[in-house]
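A structural walkthrough
What follows is each chain in one-letter form.
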Amino acid sequence: MDAKMQMFENRLLKVYKHKSKLAKRQDIGCYRIYDHDLPEFPFCIERYEDKLYLAEYLRRHGMSDEEHEVWLDECIAEISRLLQIDTDHIFVRQRKRMSHRQQDQYQKLDVQQDNFTVQENGLNFLVNLTDYLDTGLFLDHRTTRKMVMDQAKDKRVLNLFCYTGSFSVYAAAAGAASVTSVDLSKTYLSWAEDNFKANNLTDDKRYHFIHADVKQYLKTLAPNQFDLVVMDPPTFSNSKRMKDFLDIQRDHVELLNDVLAATTSGGTVYFSTNFTRFVLDTEQIKAVNIRDITKATTPFDFEGKLKRWCYKMEKA
């Protein structure tokens, strides 16, 4: 084994021992193990119970295609050995560094439809490690989801840019009076509905799935409709299905003020963004209290690695 591979082995073993102990202590089966800790090994490695998601970030590695394949096979074999997960349970993806001007929030890569169910805080979620760039469950929001759950009982909950509806499932399971999930993608709305079914949450009168452009949808809402809102938009989107493109830095004040207008007095809004250079314009946002809860919502497996912001806002 060469010196670089030995360094990777040492690092991976160290972080895995530490994080697996914390995960076991907290009864967590899905967590991030490694994220580009060494520049020569630009991987993101996440565990989904008995399976591994291994994403390689695209880089100029200086290897030919054949050399790279050999190197990657060696890495997979080493990861399999160290983490004691069979290579048949390791799913490999290649990720490009996401540009601020990326067209689509989610990218379809395959059509294997290889979905399976994992658990988080006693709830079931469908995960797909083959067909999309993302897996269907954003692990970095595990703590935020629990915050929403603790607050959702008897509340009218709105989940905007809902993706596969994990926040919605948490709210519904907590006994929310109603849960409305909104997304522009029919694929992800259908996935959200499947997540509800996986948890036996099937009350059509309380749970609503809205296919809409969030920017336009917010303009249709009457005041004071919701008590608790979650909004986790993409950094940028110019989908052909939208009337206008979305730029979260440019648009966040309008979006948040429209959300707050639809929120009851004393209501809460959780807002998150992955735009690392994001600056919140607190002066223009019509909330009585705005708190940066990024650190408070950072799970143990993302400490020092989190590339998102999270805020909690309250309406007067």
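Look above for the structure.
This report concerns the structure included in the present document. Keep in mind it's a predicted model, so treat the numbers as computed, not measured. (Residues numbered from 1 in each chain as written. Predicted model: local features only at pLDDT ≥ 70, side-chain atom pairs only at ≥ 80, totals over all residues. Heavy atoms only, no water.)

With that settled, the discussion passes to unusual backbone geometry. Across the chain, the bulk of peptide bonds are trans and the bulk of non-glycine residues have phi less than zero. Here Asp-27, not a glycine, exhibits a phi torsion of approximately 55 degrees, which is positive. Take Asp-27: it is sitting in the loop between helix 1 (3–25) and strand 1 (30–35). The exposed category is assigned to Asp-27, whose relative accessible area is 71%. Despite not being glycine, Gln-84 has its phi angle at roughly 55 degrees, a positive value. You can see Gln-84 is positioned in the loop between helix 2 (65–83) and strand 4 (90–95). (Helix = DSSP H or I, 4+ residues; strand = E, 2+ residues; numbered from the N terminus. Buried < 20%, exposed > 50% of the residue type's maximum accessible area, 1.4 Å probe, protein only.)

Its location among the elements puts Ser-178 in strand 8 (residues 178–183). Setting aside chain neighbours within four positions, we find Ser-178 in contact with Lys-155, Arg-156, Val-157 and Arg-206. (Contact = heavy atoms within 4.5 Å.)

Right, let's talk about the packing of helix 3 (residues 142–151) against helix 4 (residues 166–173) for a bit. For the pair helix 3 and helix 4, the least separation of the axes is 8 Å and the interaxial angle reads 30 degrees. Every pair of crossing elements has a handedness; the one defined by helix 3 and helix 4 is right-handed. Along the contact surface, helix 3 presents Thr-144, Arg-145, Lys-146, Val-148 and Met-149, while helix 4 presents Ser-166, Phe-167, Tyr-170, Ala-171 and Ala-173. Residue classes in the contact of helix 3 with helix 4 are distributed as six nonpolar, two polar and two charged. (Axes fitted to C-alpha atoms, helices over the stretch in contact; angles between N-to-C directions. Left-handed = near helix turned anticlockwise from the far one by under 90°. Nonpolar A, V, L, I, M, F, W, Y, C, P; charged D, E, K, R; others polar.)

Turning next to helix 1. Between its first and last C-alpha, helix 1 extends 33 Å over 23 residues, near the 33 Å set by a 1.5 Å rise per residue. Among all positions in helix 1, only Met-5, Phe-8, Glu-9, Leu-12, Val-15, Tyr-16, Lys-19, Ser-20, Leu-22 and Ala-23 are buried. On its buried face, helix 1 sits against strand 1, strand 2 (43–48) and helix 2. Its side-chain oxygen 3.3 Å from the backbone nitrogen of Lys-4, Asp-2 forms the N-cap of helix 1. Looking one or two places after helix 1, you find Asp-27, whose phi comes out positive at around 55 degrees. (Expected span 1.5 Å × (residues − 1). Polar contact = N/O pair within 3.5 Å; in protein donor to acceptor, adjacent residues only side chain to side chain.)

Bringing helix 7 (residues 248–261) into the picture now. Compared with an ideal rise of 1.5 Å per residue, which puts 14 residues at 20 Å, helix 7 spans 19 Å between its outermost C-alpha atoms and is within 8% of the ideal. With 10 of its 14 residues buried, helix 7 lies for the most part within the structure. Among the residues making up helix 7, those that are buried are Ile-248, Asp-251, His-252, Val-253, Leu-255, Leu-256, Asn-257, Asp-258, Val-259 and Leu-260. Where helix 7 begins, the side chain of Asp-247 points an oxygen toward the backbone nitrogen of Gln-249, at a separation of 3.1 Å.

Our focus in this paragraph is the pattern of salt bridges. Enumeration according to the criterion identifies 17 salt bridges in this entry. With its nearest N and O atoms 3.5 Å apart, the salt bridge here joins Asp-37 to Lys-305. Separated by 268 residues along the polypeptide, Asp-37 in the loop between strand 1 and strand 2 and Lys-305 in the loop between strand 14 (289–292) and strand 15 (309–314) bring together distant segments of the chain. Given the relative accessible area of 19%, Asp-37 is considered buried. Relative accessible area serves as the criterion here: at 26%, Lys-305 is assigned to the partly exposed category. Connected through shared salt-bridge partners, Glu-120, Arg-142, Arg-145 and Asp-301 make up one network. (Salt bridge = Lys/Arg side-chain N within 4 Å of Asp/Glu carboxyl O.)

It is worth spelling out a negative patch on the surface at this point. Side chains of Asp-2, Asp-65, Glu-66, Glu-67, Glu-69, Asp-73 and Glu-74 sit close together on the surface and give a patch of like negative charge. Checked against the element boundaries, Glu-66 lands in helix 2. Looking at Glu-66, the relative accessible area reads 59%, which means it is exposed. (Patch = residues over 30% accessible without salt bridge, like charges linked within 9 Å, V, L, I, M, F, W, Y side chains within 5 Å. Areas by Shrake-Rupley, 256 points an atom, 1.4 Å probe, with all protein chains shown as cover. Lys, Arg positive; Asp, Glu negative; His and termini not counted. Charge placed at Lys NZ, Arg CZ, Asp CG, Glu CD.)

For any two helices packed against each other, one specifies the crossing angle of their axes together with the interaxial distance. It is at 10 Å that the axes of helix 1 and helix 2 come closest, and there the two elements cross at 35 degrees. Between helix 1 and helix 2 lies a crossing whose hand is right-handed. Contacts between helix 1 and helix 2 involve Met-5, Phe-8, Glu-9, Leu-12, Leu-13 and Tyr-16 from the first element and Glu-74, Cys-75, Glu-78, Ile-79, Arg-81, Leu-82 and Leu-83 from the second. Class assignment of the residues belonging to the contact of helix 1 with helix 2 gives a composition of nine nonpolar, no polar and four charged.

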